[in-house]
Amino acid sequence: MIISWNTTNSCNMYCDHCYRDAGVRTSEELNTQEGETLIDEIAKAGFKIMIFSGGEPFMREDIFQLVSHAKSRGLRPVFGTNGTLIKEETAKRLKKVGTMGVGISLDSLDVTKHDGLRRYEGAWKGAVEGMENCRRAGLPFQIHTTVMGWNNQEIEGITDFAVEMGAVAHHIFFLVPTGRAVNIEEESLRAEEYENVLSRIMEKQKTVEIELKPTCAPQFMRIAKEMGMNLRFGRGCLAGTSYCIIGPKGQVQPCAYLNMELGNVKETPFSEIWANHEVFNRLRTLEYSGGCGTCGYKKSCGGCRARAAFYHDGDYMAEEPWCLHHGRRGY
């Protein structure tokens, strides 16, 4: 089980595709004590991996204390970051307090394109320097790439770059229109291109030792099975079943891209929200409508629930719109 906490809305960038619409710190963000209480509740609920993200998590002065607390509760602390604030001393300190891995965003091998998407001059250079600092500190890191129409032909090249840099994985996120990303919805891959890119990623996986993991594209489970590949993952979409996210103010959502507030940890203990909320319980039924409901792959894939909601007027149990295999028999 894996959970993500957007520790702050504050960020040193203003990326076009940000699901959190991050930039400026919001009022009423969880303080240190509230954060540690949340961490206790996350451990109580049975989660194992805790992602510290944002905004930009390294904008929080107490981030090292929070990581240390998570480690003390038996959680596996990892990060999602743009990487530019990971200086050499930061990387060493992260490792010392128990950080187990860092995901650093890199969306293009073209410096200008990456910096343009993130509206921050020096974003590419800073991300790569962050990777180098992690490597020198002996802190495992992976590259995160959001794939869209304009950069999908770069994916294999970025994987090769990840190998060259010493990354342990390359995770490829498929754009979901939420937050600021609604303004670039046209960059989302449609069904045939979506399928093609997933097939290319799985083919590339056969040639490299590092892990390649599509995210928000659960059909990769079907494609891998059809290609005779046995991956370590048990399911594609994890929203509400073994994953959720906590916002900066304590709001609980099924996933980062499914913008539904199911409660607030300031008012109700997280473990209770996770166990009892009707949306979580409904997601766990897997009783989808449309093609996802009749598809034999629904237990291993599940379709992207956030994308279903966006294209079906908020119906998070509807069928995934960008799938070529609705209703097909599977495993």
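Now for a quick tour of the structure.

Rules used in this analysis
Residues numbered from 1 in each chain as written. Predicted model: local features only at pLDDT ≥ 70, side-chain atom pairs only at ≥ 80, totals over all residues. Heavy atoms only, no water. Disulfide = S-S within 2.5 Å. Helix = DSSP H or I, 4+ residues; strand = E, 2+ residues; numbered from the N terminus. Buried < 20%, exposed > 50% of the residue type's maximum accessible area, 1.4 Å probe, protein only. Contact = heavy atoms within 4.5 Å. Polar contact = N/O pair within 3.5 Å; in protein donor to acceptor, adjacent residues only side chain to side chain. Pairing = 2+ DSSP bridges. Right-handed = clockwise from strand over helix to strand, strands pointing away. Salt bridge = Lys/Arg side-chain N within 4 Å of Asp/Glu carboxyl O. Core = buried A, V, L, I, M, F, W, Y, C linked by side-chain atoms within 4.5 Å. Axes fitted to C-alpha atoms, helices over the stretch in contact; angles between N-to-C directions. Parallel < 35°, antiparallel > 145°, perpendicular 65-115°, else oblique. Nonpolar A, V, L, I, M, F, W, Y, C, P; charged D, E, K, R; others polar.

Side note on the state of the cysteines
Piece 1. With the rule as written, the count across this model stands at zero disulfides.
Piece 2. No disulfide involves Cys18; its sulfur sits 6.4 Å from the nearest other cysteine sulfur, which is in Cys15.
Piece 3. Not engaged in a disulfide, the cysteine Cys255 finds its nearest cysteine sulfur in Cys216; these two sulfurs lie 6.2 Å apart.

A look at the environment of Arg25
Piece 1. Summarising the element assignment, Arg25 is placed in the loop between strand E1 (2–6) and helix H1 (32–44).
Piece 2. Overall, Arg25 belongs to the exposed group, its relative accessible area being 52%.
Piece 3. Apart from residues no more than four positions distant in its own chain, Arg25 is found in contact with Thr8, Asn9 and Ser10.
Piece 4. Here the side chain of Arg25 touches Glu29 through a polar contact of 3.5 Å, side chain to side chain.

Quick look at the pairing of strand E5 (residues 141–147)
Piece 1. Of all seven residues in E5, seven are buried; the element is thus mostly enclosed.
Piece 2. Alternating residues of E5 divide into Phe141, Ile143, Thr145 and Val147 and Gln142, His144 and Thr146, and every residue in both groups is buried.
Piece 3. Relative to E5, strand E4 (residues 101–105) runs parallel, the two sharing four bridges. Looking at E5, one finds that Ser105 is bridged to His144.
Piece 4. Relative to strand E6 (residues 169–174), E5 runs parallel, the two sharing five bridges. Bridging across to E6, Thr145 finds its partner in Ile172.
Piece 5. Each parallel crossover has a hand, and for E5 linked through helix H6 (residues 155–165) to E6 it is right-handed.

Things to note about the pattern of salt bridges
Piece 1. One pass over the structure, following the stated rule, counts 15 salt bridges.
Piece 2. The shortest N-O distance in the salt bridge between Arg200 and Glu156 comes to 2.7 Å. Residue Arg200 is located in helix H7 (residues 191–205), and its partner Glu156 is located in helix H6; the two are separated by 44 residues in the primary sequence.
Piece 3. When its relative accessible area of 16% is taken as the criterion, Arg200 is described as buried.

A closer look at the nonpolar core
Note that soluble globular proteins tend to have their nonpolar side chains buried in a common cluster.
Piece 1. Counting residues in each nonpolar core, the largest one holds 89 residues, and the members touching the most others are Met50, Phe52, Phe174 and Phe270.
Piece 2. By residue number, the principal contributor to this core is helix H5 (residues 123–137), which donates six residues.
Piece 3. Leave out the neighbours within four places in its chain, and Phe52 touches Trp5, Thr7, Ile39, Pro57, Ile63, Leu66, Val67, Ala70, Pro77, Val78, Phe79 and Gly80.

Let's talk about the packing of H5 against H6
Piece 1. Two elements in contact, H5 and H6, have axes separated by 11 Å at closest approach and are oriented at 40°. What the angle tells us is that H5 and H6 run oblique. In this structure, H5 uses Trp124, Val128, Met131, Glu132 and Arg135 to contact H6, whose residues at the interface are Phe161, Glu164 and Met165.
Piece 2. In terms of residue class, the contact of H5 with H6 is built from five nonpolar, no polar and three charged.

Quick notes on unusual backbone geometry
Piece 1. The amide bond that connects Gly54 to the next residue, Gly55, takes the cis arrangement and shows omega of 15°.
Piece 2. If you trace the backbone, Gly55 turns up in the loop between strand E2 (49–53) and helix H2 (63–72).
Piece 3. Its identity as a non-glycine residue notwithstanding, Glu28 has a phi of 65°, on the positive side.
Piece 4. Summarising the element assignment, Glu28 is placed in the loop between E1 and H1.
Piece 5. A residue is classified by how much of its surface remains accessible, and Glu28, at 56% relative accessible area, is exposed.

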